[in-house]
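As a plain string of letters, each chain reads:
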There are 2 protein chains.
Amino acid sequence: MARVVVDVMPKQEILDPQGQAVANALPKLGFEGVLEVRQGKRFELEVADSVDDETIAKIAETVLANPVIEDWTVRRVEA
Amino acid sequence: MARVVVDVMPKQEILDPQGQAVANALPKLGFEGVLEVRQGKRFELEVADSVDDETIAKIAETVLANPVIEDWTVRRVEA
């Protein structure tokens with residue numbers, strides 16, 4: 001069994017209203033000095049050893065991320 | 001300026017309907033061998049150099065994560 005992490009973030013040129021909302025809220029809560037916040041998604045997958053990198057890449061591209069508006073990275077991590 | 005990544009995941013004992021929906025969808029889409037999916041959030045922050053680790057930890061705990069149902073990690077990364 002292997003553990004895979006897929007990070008999905010809005011592309012830099014795409015507006016990120018969730019992140020902007022957080023960034024706008026911080027000064028009102030007394031936190032100064034945060035210049036930008038981007039919010040994305042993190043997926044942790046438990047996959048059978050039979051699942052190869054190509055399959056994981058395909059899952060990330062077709063199910064976890066929207067390639068039109070999001071960038072993503074895939075990496076295997078220690079279980 | 002520094003870049004900070006905050007990963008927020010549902011605690012292991014908390015139901016994760018989003019992750020379960022993905023896990024249930026995968027076999028129907030032809031992807032076998034994924035045993036579990038957990039979905040969380042990833043935040044990327046640009047912070048001024050004056051912002052110390054204690055402040056970032058406080059932001060993560062009070063604004064980005066819900067400590068009752070979520071675990072989180074904070075790390076500085078290369079810009």
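Residues numbered from 1 in each chain as written. Chains lettered and ligands numbered in written order. Predicted model: local features only at pLDDT ≥ 70, side-chain atom pairs only at ≥ 80, totals over all residues. Heavy atoms only, no water.

In the annotation of an unreviewed UniProt entry, the entry for chain A reads Phosphoribosylformylglycinamidine synthase subunit PurS, and the organism field reads Saccharopolyspora rectivirgula. A UniProt comment under Sequence similarities (unreviewed entry) is attached to chain A, and it reads "Belongs to the PurS family." What UniProt records for chain A under Subcellular location (unreviewed entry) is the sentence "Cytoplasm". (UniProt positions renumbered as here; feature names shortened; annotations may be inferred.)

Participant: What exactly am I supposed to notice about the interface of chain A and chain B here?
Facilitator: Each side of the interface is counted separately: chain A has 32 residues, and chain B has 32 residues. A combined buried area of about 2,600 Å² lies between chain A and chain B, and 70% of that area is made up of carbon and sulfur atoms. Among the ionic pairs, B:Asp7 bridges to A:Arg42, the shortest N-O distance being 3.0 Å. At the boundary of chain A and chain B, one finds 12 residue pairs in polar contact (both at pLDDT 80 or more). (Contact = heavy atoms within 4.5 Å. Buried area = accessible area lost by both parts, 1.4 Å probe. Salt bridge = Lys/Arg side-chain N within 4 Å of Asp/Glu carboxyl O. Polar contact = N/O pair within 3.5 Å; in protein donor to acceptor, adjacent residues only side chain to side chain.)

Participant: Please explain the relation of the copies chain A and chain B as it appears in this structure.
Facilitator: When chain A is fitted to chain B, the residual RMSD is 0.0 Å, and the transformation amounts to a turn of 180 degrees plus an axial shift of 0.0 Å. A rotation of that kind, with that shift, is consistent with a two-fold axis. Residues of chain A ranked by C-alpha distance from the rotation axis are headed by A:Lys41, positioned 2.2 Å from it. Taken together, the interface assignments show that 100% of the residues at the interface of chain A recur at the interface of chain B, consistent with an identical surface on both copies. (Least-squares fit on C-alpha atoms with pLDDT ≥ 70 in both.)

Participant: Got a minute to help me understand the sheet that holds strand 2 (residues 34–47) of chain A in this structure?
Facilitator: Here six strands make up an open sheet; going across it, the order is 3(A)-1(A)-2(A)-2(B)-1(B)-3(B) and the pairing antiparallel. Of all strands in the sheet, those bounded by a partner on one side alone are strand 3 (70–77) of chain A together with strand 3 (70–77) of chain B. Shown here is a sheet whose adjacent strand axes are inclined to one another by a mean of 20 degrees, direction ignored. Where strand 1 (residues 2–10) of chain A lies against strand 2 of chain A, seven bridges are found, and the strand directions are antiparallel. Among the inter-strand pairings, A:Val8 is bridged to a residue of strand 2 of chain A, identified as A:Lys41. Relative to the sheet, helix 1 (residues 17–28) of chain A contacts strand 2 of chain A together with strand 2 (34–47) of chain B, its axis offset from that of strand 2 of chain A by approximately 130 degrees. Lying over the sheet, helix 2 (residues 53–64) of chain A contacts strand 1, strand 2 and strand 3 of chain A together with strand 2 of chain B, oriented at roughly 145 degrees with respect to strand 3 of chain A. (Pairing = 2+ DSSP bridges. Helix = DSSP H or I, 4+ residues; strand = E, 2+ residues; numbered from the N terminus. Axes fitted to C-alpha atoms, helices over the stretch in contact; angles between N-to-C directions.)

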